[in-house]
Amino acid sequence: MENEMKYSKDNKFIPVTSLSAHTGEEVAMDLFYYTNQVVNICLYGNPEQKDGWVLIDTGMPKSAEEIVSVVEERFGPDSRPKAIILTHGHFDHVGASVDLVRHWDIPVYAHELELPFLTGKSPYPEPDPSVEGGLVAKVSSYFPNEATNLGGHVHSLPADGSVPGMNGWRWIHTPGHSPGHISLFREEDRTLIAGDAFVTVRQDSLYKVLVQKTEVCGPPRYFTTDWQAAWESVKKLAALKPRVAITGHGTPMEGEELATGLTNLVQDFESVAIPDYGRYI
Ligand SMILES: [Zn+2]
Ligand SMILES: [Zn+2]
């Protein structure tokens, strides 16, 4: 089964970074996020439980070693998660997936609509360098969009909304940025892991990505293909009234800033999130 697994054929190191790179923080006692270059991964689980935890998303291409060292720092040497949950399969969220699955020999879970992109069957639509969105959009044609192949290691998330290895959490289908995009929510303390359904740093400003200036904004533009669905997904997440949110890009946000940001994003989605021009409008 192992040799079935393969990175996408356009998988490569992408030379981008941010001032938050190589840092992380506890958002709850059992939830830690870490910024790998410009994307966040989450480690869910009590640090005392060496093998009882779950990894959410797997960072940028070529980052497996960095992720393993972050993990071992938090959970101890040779610790491994019970599972990997993917919010979606874009290159910056599956970057170390093949190496990590080989290293730990653990299952991966994603939404069934995302599986074609994770089993080598279908590439994502090409990123749109012509989309309104500044320099990052312009260089996005350089980003990998071919499918990763996790072979028999990747499975559909349970249909009942539960999340393997994450008691008290449920997954929420938040399509638009990608067809099988999901977010994770814990009712008890209203903690949200949003993936790229919305993010807290503007992806169309290289400067803001670098300094990670926070504001609630729509999903990264160059990869988003269904803007109406993306809008519905933001409404769905805003209705949960999250207390704190970790997004795929940018630093976590909480309280009033998050509530106001989400309310405004829902209200002004057409003018602030949806680009004025681009291939997928
Ligand atoms: Zn994405
Ligand atoms: Zn992303």
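The shown structure was predicted, so the numbers you read here are calculated from the model rather than taken from an experiment.

Quick notes on the coordination of the zinc ion (ligand 2)
In step 1: Protein coordination of the zinc ion (ligand 2) is provided by D92 (OD), H93 (NE2), D196 (OD) and H249 (NE2), with donor distances spanning 2.1 to 2.4 Å.
In step 2: Classification of the site at the zinc ion (ligand 2) as irregular follows from its four donor atoms and the range of 85 to 158° in their angles at the metal.
In step 3: Donor residues for the zinc ion (ligand 2), ordered by position in the chain, follow D-H-x102-D-x52-H.
In step 4: Distance-wise, the zinc ion (ligand 1) is placed 3.3 Å from the zinc ion (ligand 2), both being coordinated by D196. Highlighted residues: H93 in the loop between β5 (83-85) and α2 (97-104) and H249 in the loop between β13 (244-247) and β14 (253-254), separated in sequence by 156 residues. The same class applies to H93 as to H249, namely buried.

Quick look at the environment of N11
In step 1: Structurally, N11 is set in the segment before β1 (24-28).
In step 2: Excluding its chain neighbours within four sequence positions, the residues that come into contact with N11 are P61, K62 and P144.

Regarding the coordination of the zinc ion (ligand 1)
In step 1: Distances from the zinc ion (ligand 1) to its protein donors, H88 (NE2), H90 (ND1), H177 (NE2) and D196 (OD), fall within 2.1 to 2.4 Å.
In step 2: One can describe the site at the zinc ion (ligand 1) as irregular: its four donor atoms subtend angles covering 88 to 180° at the metal.
In step 3: Spacing between the donor residues of the zinc ion (ligand 1) along their common chain follows H-x1-H-x86-H-x18-D.

Topic: the pattern of salt bridges
In step 1: Following the criterion strictly, the structure yields seven salt bridges and no others.
In step 2: Here K9 and E146 are joined by a salt bridge, their closest N and O atoms 3.5 Å apart. Here E146 lies in the loop between α4 (134-139) and β7 (154-156) and K9 lies in the segment before β1, a separation of 137 residues in the sequence.
In step 3: A salt bridge links R186 to D189; its shortest N-O distance comes to 3.0 Å. Take R186 and D189: they sit in the same class, and that class is buried.
In step 4: The network of salt bridges with shared partners includes D30, R186 and D189.

Focus on the sheet that holds strand β3 (residues 39-44)
Hydrogen bonds between backbone atoms are what pair the strands of a sheet, whose relative direction is either parallel or antiparallel.
In step 1: Spatially, β1-β2-β3-β4-β5-β6-β7 is the arrangement adopted by the seven strands of the open sheet, whose pairing is mixed. The strands lining the two open edges of the sheet, one partner per strand, are β1 and β7. Geometrically, the sheet is characterised by an average inter-axis angle of 25° between neighbouring strands, direction not taken into account.
In step 2: In this structure, β3 lies alongside strand β4 (residues 54-56), joined through three bridges in antiparallel fashion. The residue of β4 that forms the bridge with Y44 is V54.
In step 3: Where helix α1 (residues 64-75) meets the sheet, its contacts fall on β1, β2 (31-36), β3 and β4, and the angle it forms with β2 comes to roughly 155°.

With respect to the packing of helix α6 (residues 227-239) against helix α7 (residues 255-272)
In step 1: It is the contact of α6 with α7, at a shortest axis distance of 9 Å, that shows an interaxial angle of 160°. Between α6 and α7, the interaxial angle falls into the category roughly antiparallel. The two elements α6 and α7 cross, and the hand of that crossing is left-handed. Counted together, W227, A230, W231, V234, K235 and A238 of α6 and L262, L265, V266, F269 and E270 of α7 form the full contact between these two elements.
In step 2: Broken down by class, the residue content of the contact of α6 with α7 amounts to nine nonpolar, no polar and two charged.

Cut-off values and rules
Residues numbered from 1 in each chain as written. Chains lettered and ligands numbered in written order. Predicted model: local features only at pLDDT ≥ 70, side-chain atom pairs only at ≥ 80, totals over all residues. Heavy atoms only, no water. Donors = N, O, S within 2.8 Å, 3.2 Å for Na, K, Ca; no water. Tetrahedral: all angles 85-135°; square planar, octahedral: opposite > 155°, others 65-115°. Helix = DSSP H or I, 4+ residues; strand = E, 2+ residues; numbered from the N terminus. Buried < 20%, exposed > 50% of the residue type's maximum accessible area, 1.4 Å probe, protein only. Contact = heavy atoms within 4.5 Å. Salt bridge = Lys/Arg side-chain N within 4 Å of Asp/Glu carboxyl O. Pairing = 2+ DSSP bridges. Axes fitted to C-alpha atoms, helices over the stretch in contact; angles between N-to-C directions. Parallel < 35°, antiparallel > 145°, perpendicular 65-115°, else oblique. Left-handed = near helix turned anticlockwise from the far one by under 90°. Nonpolar A, V, L, I, M, F, W, Y, C, P; charged D, E, K, R; others polar.

By themselves these figures say nothing about function.
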